[in-house]
Amino acid sequence: MLNNTNFRIGLGTDLHRLAPNLPLWIGGFRITESLLGCVAHSDGDALVHALIDALLGSVAMGDIGTHFPPSDDRWKNANSLDLLAQTLGIIREAHPTFTIVNIDAVVHLERPKLGVYRASIQETLSTTLGLSVECVSIKAKTGEGLPPIGTLEAISTQVVVLVSI
Ligand SMILES: [Zn+2]
């Protein structure tokens, strides 16, 4: 019932430095075409990290660093999709009826163009979250040659989520 539903929104952002000879993971999907990857303690998946922050933010339960501190070696090279699944578990312990309504995300990356990967990323995330693909929106922007995105120095992401608890 709409009247009894407690809607919340959450916002998450992330930024990682890019460097050669590292894998580039975006939304749980590896972009093998990229010559650059993320400098990070974990797998550096900036889209999943922002999504985790958005989900935690929607219920005011801190951020990714609160639950998976980089100082803890358990999270070294962690698979971000695993962290995402664990995050859902942590939230549902506190809010058993927690339900994601939809996700809208922006990935800022100069290259490669992400258009051809969009469907794969949507599918990977929707499977992990148990959502239908039309509830997972992924948009891609370039940096118009301007630093740090356009100069291939960084990737950044923004995610908003609507949830009910
Ligand atoms: Zn990150």
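The structure this text deals with has already been given above.
Residues numbered from 1 in each chain as written. Predicted model: local features only at pLDDT ≥ 70, side-chain atom pairs only at ≥ 80, totals over all residues.

Draft legend 1. Representation of helix α3 (residues 80–94) within the structure. Over its 15 residues, α3 extends 21 Å from the first C-alpha to the last, a length consistent with the 21 Å expected when each residue adds 1.5 Å. What α3 keeps buried is the set S80, L81, L83, L84, T87 and I91. Along the axis of α3, the buried positions cluster into a sector of 155 degrees, meaning they face one direction only. When the buried face of α3 is taken as reference, the exposed residues oriented beyond 90 degrees from it are A85, G89 and E93. Taken together, the buried residues of α3 touch β2 (25–26), α1 (46–58), α2 (64–67) and α4 (118–129). (Helix = DSSP H or I, 4+ residues; strand = E, 2+ residues; numbered from the N terminus. Expected span 1.5 Å × (residues − 1). Buried ≥ 20, exposed ≤ 12 C-beta atoms within 10 Å, placed from the backbone. Arc of directions from axis to C-beta. Contact = placed C-beta atoms within 7 Å.)

Draft legend 2. A look at the nonpolar core. I26, L47, L51, I52, V159 and V161 are the most contacted members of the largest nonpolar core, which totals 42 residues. Broken down by secondary-structure element, the contributors of at least two residues to this core are β2, β4 (36–38), α1, α3, β5 (99–108), α4, β6 (136–141) and β7 (154–164). In contact with L51, not counting residues within four places along its chain, are G12, L84, I103, A105 and V159. (Core = buried A, V, L, I, M, F, W, Y, C linked by C-beta atoms within 7 Å.)

Draft legend 3. Main features of the sheet that holds strand β1 (residues 7–20). Spatial strand order, β4-β1-β7-β5-β6: five strands in an open sheet with mixed pairing. Taken across any chain shown, the strands that pair with only one partner, and hence form the sheet edges, are β4 and β6. With strand direction ignored, the average angle separating the axes of adjacent strands in the sheet is 25 degrees. Where β1 and β4 come together, three bridges link them in antiparallel fashion. Looking at β4, one finds that P20 is bridged to L36. (Pairing = 2+ DSSP bridges. Axes fitted to C-alpha atoms, helices over the stretch in contact; angles between N-to-C directions.)

Draft legend 4. Geometry of α1. With 13 residues, α1 should cover 18 Å at 1.5 Å per step; its first-to-last C-alpha distance of 18 Å lies within 8% of that length. Most of α1 sits inside the fold, with 13 of its 13 residues counted as buried. Of the residues flanking the end of α1, it is A60, one or two places downstream, whose phi is positive at about 50 degrees.

Draft legend 5. A look at the pairing of β1. Sheet topology note: the β1/β7 ladder contains eleven bridges and is antiparallel. Looking at β7, one finds that G12 is bridged to V159.

Draft legend 6. Structural view of the pairing of β5. Pairing analysis gives nine bridges linking β5 to β7, with the strands arranged antiparallel. Its bridge partner being in β7, V106 is matched across the sheet by Q158. Strand direction decides the pairing type here: β5 and β6, joined by six bridges, are parallel. Note that in β6 the partner of A105 across the bridge is I138. Following the backbone out of β5, through α4 and into the adjacent parallel β6, one traces a crossover that is right-handed. (Right-handed = clockwise from strand over helix to strand, strands pointing away.)

Draft legend 7. Main features of unusual backbone geometry. The step from R111 to P112 runs through a cis peptide bond, and the omega angle for that step is 0 degrees. With respect to the helices and strands, P112 occurs in the loop between β5 and α4. Looking along the chain, the bond that leaves P147 and enters P148 is cis, with omega of -5 degrees. Relative to the assigned elements, P148 resides in the loop between β6 and β7. In this model, A60 sits at a positive phi of 50 degrees, which is unusual for a non-glycine residue. Along the chain, A60 falls in the loop between α1 and α2. The phi angle at E144 is positive, at roughly 55 degrees, despite the residue not being glycine. Looking at where E144 falls in the secondary structure, it is placed in the loop between β6 and β7. E144 sits in the exposed class, given 8 other C-beta atoms within 10 Å.

Everything listed is a geometric property; what it means functionally is a separate question.
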